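An overview of the molecular structure
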Protein chains: 6
Amino acid sequence: MSTLVELIPGNSLITATPEEGRQLAIKLSRLIIKVTQPDAAIREKLRPVYAEDAAMLIAIGQTVAIEFATIAAANNFWK
Amino acid sequence: MSTLVELIPGNSLITATPEEGRQLAIKLSRLIIKVTQPDAAIREKLRPVYAEDAAMLIAIGQTVAIEFATIAAANNFWK
Amino acid sequence: MSTLVELIPGNSLITATPEEGRQLAIKLSRLIIKVTQPDAAIREKLRPVYAEDAAMLIAIGQTVAIEFATIAAANNFWK
Amino acid sequence: MSTLVELIPGNSLITATPEEGRQLAIKLSRLIIKVTQPDAAIREKLRPVYAEDAAMLIAIGQTVAIEFATIAAANNFWK
Amino acid sequence: MSTLVELIPGNSLITATPEEGRQLAIKLSRLIIKVTQPDAAIREKLRPVYAEDAAMLIAIGQTVAIEFATIAAANNFWK
Amino acid sequence: MSTLVELIPGNSLITATPEEGRQLAIKLSRLIIKVTQPDAAIREKLRPVYAEDAAMLIAIGQTVAIEFATIAAANNFWK
């Protein structure tokens with residue numbers, strides 16, 4: 001694992017709003033892919049593969065949903 | 001990531017009723033697909049692909065279920 | 001999204017018994033498929049596809065399990 | 001949905017032991033398949049399909065794990 | 001279901017350490033496969049199938065992660 | 001299962017920061033693959049398979065997300 005990739009921007013799960021929490025969930029899920037495939041050229045090549053594949057788009061949605069569940073709980077759901 | 005897409009309508013997980021929470025869960029899951037594939041023409045092309053595919057419909061159901069779990073907890077399950 | 005489909009019958013996650021909670025979990029998962037594919041004829045055509053496919057039956061089971069987890073927690077596990 | 005199938009034997013998530021909770025998790029997951037595919041002959045035909053397929057066996061394991069999480073929480077983890 | 005297979009060794013989710021909790025998670029996930037496919041010869045035949053398949057190894061990881069989540073919560077995360 | 005593989009480095013889910021928690025989540029998910037496929041040569045051969053496959057990268061992301069949820073809860077979300 002490249003330890004050069006920052007996995008959690010700002011090193012915190014706490015966000016000001018649900019919207020920012022959602023953005024963080026997307027970032028977290030993308031950074032795992034970045035650390036697993038550090039070659040930017042390959043990642044770029046894979047982008048149209050998943051972005052035009054319905055099943056993969058759904059799977060990305062599942063991943064973000066799981067990340068967001070953790071972030072939302074960490075923020076006590078911004079209540 | 002396009003920051004122009006609003007990821008959580010109303011910027012809140014709180015809804016008046018479970019029914020509205022369910023609608024929000026569907027919206028959240030669709031907005032992740034929108035932000036991942038910002039091209040409306042491609043998304044439109046993918047719609048019949050997943051809407052007529054049993055496995056993808058089931059996967060969409062899983063995604064909504066995960067999103068809803070978070071929303072339901074945020075609303076203390078509307079008890 | 002068709003707003004004509006009722007996503008949560010009775011607009012509540014609270015049920016009298018675990019058995020009814022389980023039935024609700026099944027209904028919730030089916031209503032997401034209904035709202036995603038509003039054409040009853042297509043849904044009817046897809047029924048034998050998933051009902052005779054072991055992998056899809058398992059995936060349906062996962063979806064119901066996730067929905068039920070939320071319903072069970074909402075009911076404090078009927079304790 | 002056939003309402004003739006009992007979805008939760010004993011209509012309770014409470015069990016005396018973790019072992020019984022695990023057995024209940026397996027039963028719950030199987031009963032969802034039974035209610036989705038009520039034809040016993042078809043289910044029987046599908047058994048060797050999933051029981052000799054590594055990917056499906058893993059997926060069954062995931063389903064049981066999710067069901068068990070709910071049952072374990074309902075029993076306060078049998079502490 | 002063969003009731004001869006012990007599904008939870010020691011009939012408890014409580015372990016002395018996180019490491020032992022992780023080992024238990026692996027065991028629980030394997031025992032579900034054992035009870036679903038009781039024929040040891042078939043399980044043995046399937047081993048190289050999943051152990052040399054990247055997608056199945058990832059899926060096994062997901063299953064263990066879900067089982068571990070339950071065990072960790074049962075142990076109050078060994079705090 | 002080889003009991004020679006350490007499944008949780010440091011035998012603890014507690015980390016100083018969310019960033020370290022995320023790194024731990026990645027390690028935990030990789031160690032399950034290591035214990036399931038102990039042959040380093042085969043694992044090395046599988047690396048380019050999943051690292052250049054969009055669907056598998058997404059699935060890895062889901063696994064890490066699930067592991068991280070447990071670690072984050074164990075650390076009271078580092079609040």
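For the structure itself, consult the block above.
Within each chain, residues carry numbers counting from 1 in the order of the written sequence. To read the labels, note that chains go from A and ligands from 1, taken in the order they are written. Where local features are concerned, this predicted model is filtered to residues with pLDDT of at least 70; where side-chain atom pairs are given and counted, the filter is 80 or more; whole-chain, interface and lining totals use all residues. Think of the side-chain values as coming from all heavy atoms in the structure, minus any hydrogens and water.

**Some details on the interface of chain A and chain B**
Between chain A and chain B, the contact holds 27 residues from the first and 30 residues from the second. Throughout, buried area stands for the accessible area (probe radius 1.4 Å) lost by two parts on being put together, summed over both. Where chain A abuts chain B, roughly 2,500 Å² becomes buried across the two surfaces, and 70% of that area is made up of carbon and sulfur atoms. Definition used for salt bridges: Asp or Glu carboxyl oxygen within 4 Å of a side-chain nitrogen of Lys or Arg. Summed over the shared surface of chain A and chain B, the result is one salt bridge. Close ionic contact of B:Glu67 with A:Arg22 constitutes a salt bridge, the shortest N to O distance being 2.5 Å. In the analysis that follows, any N or O atom pair within 3.5 Å is treated as a polar contact, provided that within protein one partner can donate a hydrogen and the other can accept it, and provided that, for residues neighboring in sequence, both atoms belong to side chains. Run the count over chain A and chain B and you get nine residue pairs in polar contact (both at pLDDT 80 or more). Elements are defined by DSSP. Helices are runs of H or I of four residues or more, strands are runs of E of two residues or more, and each kind is numbered from the N terminus. For the side of chain A that touches chain B, the secondary structure elements donating two or more residues are α1 (18-36), α2 (40-51) and α3 (54-74) of chain A. Ranked by residues supplied to the side of chain A that touches chain B, first place goes to α3(A) with 13 residues. When residues are grouped by polarity, Ala, Val, Leu, Ile, Met, Phe, Trp, Tyr, Cys and Pro land in nonpolar, Asp, Glu, Lys and Arg in charged, and all others, Gly among them, in polar. For the side of chain A that touches chain B, the per-class residue count stands at 17 nonpolar, four polar and six charged. In what follows, a contact means two residues having at least one pair of non-hydrogen atoms within 4.5 Å.

**Some words on the relation of the copies chain F and chain E**
Overlaying chain F on chain E yields an RMSD of 0.0 Å, the required transformation being a rotation through 60 degrees with an accompanying axial translation of 0.0 Å. Both copies are brought into coincidence by an operation consistent with a six-fold rotation axis. Closest to the rotation axis within chain F is the C-alpha of F:Ile66, separated from it by 6.9 Å. The overlap is low: 13% of the interface residues of chain F also sit at the interface in chain E, so different surfaces are used on the two sides. Each copy is superposed on the other by least squares, with the fit set by C-alpha atoms of residues at a pLDDT of at least 70 in both.

**Points about helix α1 (residues 18-36) of chain D**
For α1(D), which comprises 19 residues, the first-to-last C-alpha distance of 27 Å matches the rise-based estimate of 27 Å (1.5 Å per residue) to within 8%. For α1(D), the tally of buried residues reaches 14 of 19 residues, placing the bulk of the element in the interior. What a helix should span is 1.5 Å times the count of its residues minus one. Burial classes: relative accessible area under 20% of the type maximum marks a residue as buried, over 50% as exposed, and values in between as partly exposed (1.4 Å probe, protein chains only).

**As for the relation of the copies chain A and chain B**
Once chain A is rotated about the relating axis by 60 degrees and shifted along it by 0.0 Å, it coincides with chain B to within an RMSD of 0.1 Å. Little of the interface of chain A is mirrored in chain B: 15% of its interface residues are interface residues there too.

**Overview of the nonpolar core**
Residues grouped as a nonpolar core are buried Ala, Val, Leu, Ile, Met, Phe, Trp, Tyr and Cys residues, joined through side-chain atoms within 4.5 Å. Core analysis: the largest hydrophobic core is formed by 163 residues, its most contacted members being A:Leu13, B:Leu13, C:Leu13, D:Leu13, E:Leu13 and F:Leu13. Top contributing element to this core by residue count: helix α3 (residues 54-74) of chain C, with eleven residues. Ignoring any residue separated from it by four or fewer positions in sequence, one finds B:Leu13 in contact with A:Phe68, A:Ala72, A:Phe77, A:Trp78, B:Ile8, B:Leu24, B:Leu28, B:Thr70, B:Ile71, B:Ala74 and B:Asn75. Membership of the second largest hydrophobic core comes to twelve residues, among which are B:Ala65, C:Ala65, D:Ile66 and E:Ile66.

**A short note on the interface of chain F and chain E**
The partner chain E presents 27 residues to the 30 residues of chain F that form the contact. Both faces considered, chain F and chain E share a buried interface measuring about 2,500 Å² in area, 70% of it formed by carbon and sulfur atoms. Here chain F is connected to chain E by one salt bridge. Linking chain F with chain E are nine residue pairs in polar contact (both at pLDDT 80 or more). Secondary-structure elements contributing two or more residues to the side of chain F that touches chain E are α1 (18-36), α2 (40-51) and α3 (54-74) of chain F. Residue contributions to the side of chain F that touches chain E peak at ten residues, all from α3(F). The residue makeup of the side of chain F that touches chain E, split by class, is 20 nonpolar, eight polar and two charged.

**A word on the packing of α1(A) against helix α1 (residues 18-36) of chain B**
Where α1(A) contacts α1(B), the two axes come as close as 12 Å, and the packing angle between them is 55 degrees. Between α1(A) and α1(B), the angle is such that the two are oblique. In this structure, the crossing between α1(A) and α1(B) has a hand that is right-handed. Residue-level contacts link A:Arg22, A:Ile26 and A:Arg30 of α1(A) to B:Leu28, B:Ser29, B:Ile32, B:Val35 and B:Thr36 of α1(B). Within the contact of α1(A) with α1(B), the residues separate by chemical class into four nonpolar, two polar and two charged. Only C-alpha atoms enter the line fits that serve as axes; for helices the fit covers just the stretch in contact. Angles between N-to-C directions range over 0 to 180 degrees. Any angle between 65 and 115 degrees counts as roughly perpendicular, while under 35 counts as roughly parallel, over 145 as roughly antiparallel, and the rest as oblique. Should the near helix be turned anticlockwise from the far one by less than a right angle, the crossing is termed left-handed; should it be turned clockwise, right-handed.

**Looking at the pattern of salt bridges**
Residues and elements named next belong to chain D. Taken as a whole and judged by the stated rule, the model has twelve salt bridges over all chains. In this structure, the salt-bridge partner of arginine 47 is glutamate 44, at a minimum N-O distance of 3.1 Å. You can see arginine 47 and its partner glutamate 44 sitting in helix α2 (residues 40-51), three residues apart, about one turn around the helix. On the accessibility criterion, arginine 47 (38% relative accessible area) is partly exposed. Residue classification places glutamate 44 among the partly exposed residues on the basis of a relative accessible area of 46%.

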